[in-house]
Amino acid sequence: MKIASIHIYSHDGRRRDLTLNPDGLNIITGLASTGKSSLSDIVEYCMGEDECKIAEGFIREKVSWFAVMFHFPQEQVFVAKPNPKPGQDKCSLAMIMRGRQIQAPDFNALKDNGGNKLVHELLSSLLGIPETKTPVPERSSRTGYSVNVKHTAFYLFQKQGLVASKELLFYRQAEEYLPQTIRDTFAVLFGISNVGDMETEANRRTTQRELRIAQKELKLAQETEDALDTRGLSLLAEARTAGIPYSHSSGPAGPSTDRDENDLIASLREVLSWRPGQVALMAESEIAKLQARRSNLRTERRRVLEQIASAQRYVKGASDFQIEAQEQCSRLESINALPRASNGAWQWPFLKEEDARMDGIAQSLMAELSSLNSELEHVGGARPRLDAYLAALTDRSSQLKEAIREVEVDLTAAVQSDEKAAAQEDANVRALKVQGRISFYLDSLNPSNTISALKLKVERLQAKLDQINQSVGSDDADARMESVITHISNTMSSLVKEFRAYFWEFPFRLDMRNLTVVVQRPGKPVPMFRTGGGANWLAYHISALLALHHYAAENCIPIPRFLMLDQPTQVYFPSQTIYESVAGDTEQVKRVDADLEAAKKLFETLLKYTKELVPGFQVIVTEHANFSDDWFQDALVEEPWMNPPALVPQDWPSWGQHIV
């Protein structure tokens, strides 16, 4: 399968045709932003790709349909796909025409008649891709899928960012899951996995991988056996420190490989069965009640003490008054100043008793003396009641003091109980942490990971592998892969020599496991990403792809017979500005400071490849540079694209501007 022509349709029905030479070197050169890099996106889209990768901008606005005429030895296939609507980037519609010699249809004839699925089926059938699914190992999370023409795109396109990459070799290799897809489909397309035994081969490789892993696990388990014993003894010591009792002996394990039955494991399991002691915590509400009762009692006692103090002050005042009054009376009695003597006889010498009744001063004095006597009698009569009141208050104060002491005793006991419970809880936490580490340790000794179990697993996998090898040659797939890679690598080494790239004096090898190129330098192979220089990476890329297509052509491998390269000579120019300045100008190419011989050597190698190594192979190169050599000018598909955009005419209408 090759490309005969590429077509684009405007919204108003016009068509732009780009006719290619199916055999040999095709070069499209010109200025930047003229649509050259979009050609490979158009071809991929018309091979049944859902996603339209053509960049947003002028082309997506001006073009309504994209189409490619694919050339087969006995017929041609025309595939057209509509440009996704604005804001969308996917489309599953497609129109297909086939015939011995067909012409691109007019715009009005374009319509969906099969979609991407039919494109895949038709192109895959014409290429001869076997109707089979990729090999998927047993118990794999991946599912098998049918190999079709879209899986050949990995070997057909080397776009601008990829063609000189040191990390990536194949198209779309950096996308998630696609590296495994490249490996799986390579095995199918290049005849390494036979259709009849693909599942068996996949299961054999999986069993080999599982066997190697099990053997490593067994070796590791044997090497770490003593270390595990030491760890177990250390954990028992931690349990003893944490206060966890156990009765089994804690000596090292015996020579038995059954580690679950020795004393060490038994002791550790006994530690796991221990349950921590519990000290009941007093409810916070109980402590709060005690604190509240103590507060109430203290308040009441302060009130009683205040009452006692008040009563004592009153008693003291009354006593002072009584003493003072009695002293005054005693002084008056001593000088006979009172009207009557103690026996009741009148004793005032200066006034007769009958005259005192008539003397206002005498009457007033006698009234005062009478009032004083009355008050003295009242004070003397209240004293017993005051003493009884003070005694009652003092007794109540003592009762409250004792009640407060009892509450404080209860409260202290509650706090101490809580502290003891908290200490016990901390000890329990430490013990539980030790139990957790012991549990993790014992889990690592699960029977499925013991030495005996691993030995059984190794024996089972070995028996399974032997059985698979008896049903199919154990080395057939590996031998086929080695043969294919060896042939491709030999051709690649020869092509690298022609480029005179770095390490050209050593053999090169295509590494399909890691999807890269490896220099087979004596002592230590060098992968492509450890080499230097864009020109070298370019040489490795092109050599690998051409070598792969050489093997495909010689061995009828069902992949298309074309390769599209986007701006490969950029690595030879000192800057992007200079590179773009030489677009389409043969005289300017001669004047720039660039490795012109190396750049020209690239095209000479491509031309030689299409004429001698794989006659008729189609190489399509989009470029800025334009060499004046006749052979280069003969390979130009059109005149250099100098007025952007050259792929799409400038007078084509955009979305919504065309005449309905």
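If you're wondering where the values come from, they're calculated on a predicted model, not measured in any experiment. (Residues numbered from 1 in each chain as written. Predicted model: local features only at pLDDT ≥ 70, side-chain atom pairs only at ≥ 80, totals over all residues. Heavy atoms only, no water.)

### Brief notes about the packing of aromatic side chains
Per the stated rule, a full pass over the model turns up 18 aromatic pairs. Measuring from ring centre to ring centre gives 6.1 Å for Tyr155 and Phe190, while their planes differ by 80°; the resulting arrangement is edge-to-face. Within this pair, whereas Tyr155 is found in the loop between helix 3 (115–127) and strand 7 (157–158), its partner Phe190 is found in the loop between helix 4 (178–189) and helix 5 (198–223), the two being separated by 35 residues in sequence. Phe190 sits in the buried class, given a relative accessible area of 3%. Between Phe603 and Phe632, the aromatic rings sit 5.0 Å apart at their centres with planes inclined by 80°, giving edge-to-face as the arrangement. With Phe603 in helix 16 (residues 596–613) and Phe632 in helix 17 (residues 630–635), the pair connects residues that are 29 residues apart, well separated along the chain. Look at Phe632 and you get buried, because its relative accessible area is 0%. The structure contains a cluster of three or more aromatic residues connected by ring pairs, namely Phe154, Tyr155, Phe170, Phe186, Phe190 and Tyr551. (Phe/Tyr/Trp six-rings, centres within 6.5 Å; stacked < 30°, edge-to-face > 60°. Helix = DSSP H or I, 4+ residues; strand = E, 2+ residues; numbered from the N terminus. Buried < 20%, exposed > 50% of the residue type's maximum accessible area, 1.4 Å probe, protein only.)

### Examining the packing of helix 13 (residues 534–554) against helix 16
Axis separation between helix 13 and helix 16 bottoms out at 12 Å; the angle between their running directions is 5°. As judged from the angle between their axes, helix 13 and helix 16 are roughly parallel. Residue-level contacts link Leu538, Ile542, Leu546, His549 and His550 of helix 13 to Leu602, Leu606, Tyr609 and Leu613 of helix 16. In the contact of helix 13 with helix 16, the residues fall into seven nonpolar, two polar and no charged. (Axes fitted to C-alpha atoms, helices over the stretch in contact; angles between N-to-C directions. Parallel < 35°, antiparallel > 145°, perpendicular 65-115°, else oblique. Contact = heavy atoms within 4.5 Å. Nonpolar A, V, L, I, M, F, W, Y, C, P; charged D, E, K, R; others polar.)

### Let's talk about a positive patch on the surface
Together, Arg205, Arg209, Arg212, Lys216 and Arg513 make up a positively charged patch on the protein surface. Its location among the elements puts Arg513 in the loop between strand 8 (508–511) and strand 9 (516–519). (Patch = residues over 30% accessible without salt bridge, like charges linked within 9 Å, V, L, I, M, F, W, Y side chains within 5 Å. Areas by Shrake-Rupley, 256 points an atom, 1.4 Å probe, with all protein chains shown as cover. Salt bridge = Lys/Arg side-chain N within 4 Å of Asp/Glu carboxyl O. Lys, Arg positive; Asp, Glu negative; His and termini not counted. Charge placed at Lys NZ, Arg CZ, Asp CG, Glu CD.)

### So, the pattern of salt bridges
Overall, the coordinates contain 21 salt bridges when judged by the stated rule. Among the ionic pairs, Arg15 bridges to Asp17, the shortest N-O distance being 2.8 Å. By relative accessible area, which is 33% here, Arg15 ends up partly exposed. We classify Asp17 as partly exposed; its relative accessible area is 30%. The closest approach of N and O atoms between Glu49 and Arg172, which form a salt bridge, is 3.8 Å. Of this pair, Glu49 sits in the loop between helix 1 (38–46) and helix 2 (58–62) while Arg172 sits in the loop between strand 7 and helix 4, and the two are 123 residues apart along the sequence. When its relative accessible area of 14% is taken as the criterion, Glu49 is described as buried. By sharing partners, the salt bridges in this structure join Asp41, Glu44, Lys53 and Lys159 into a single network.

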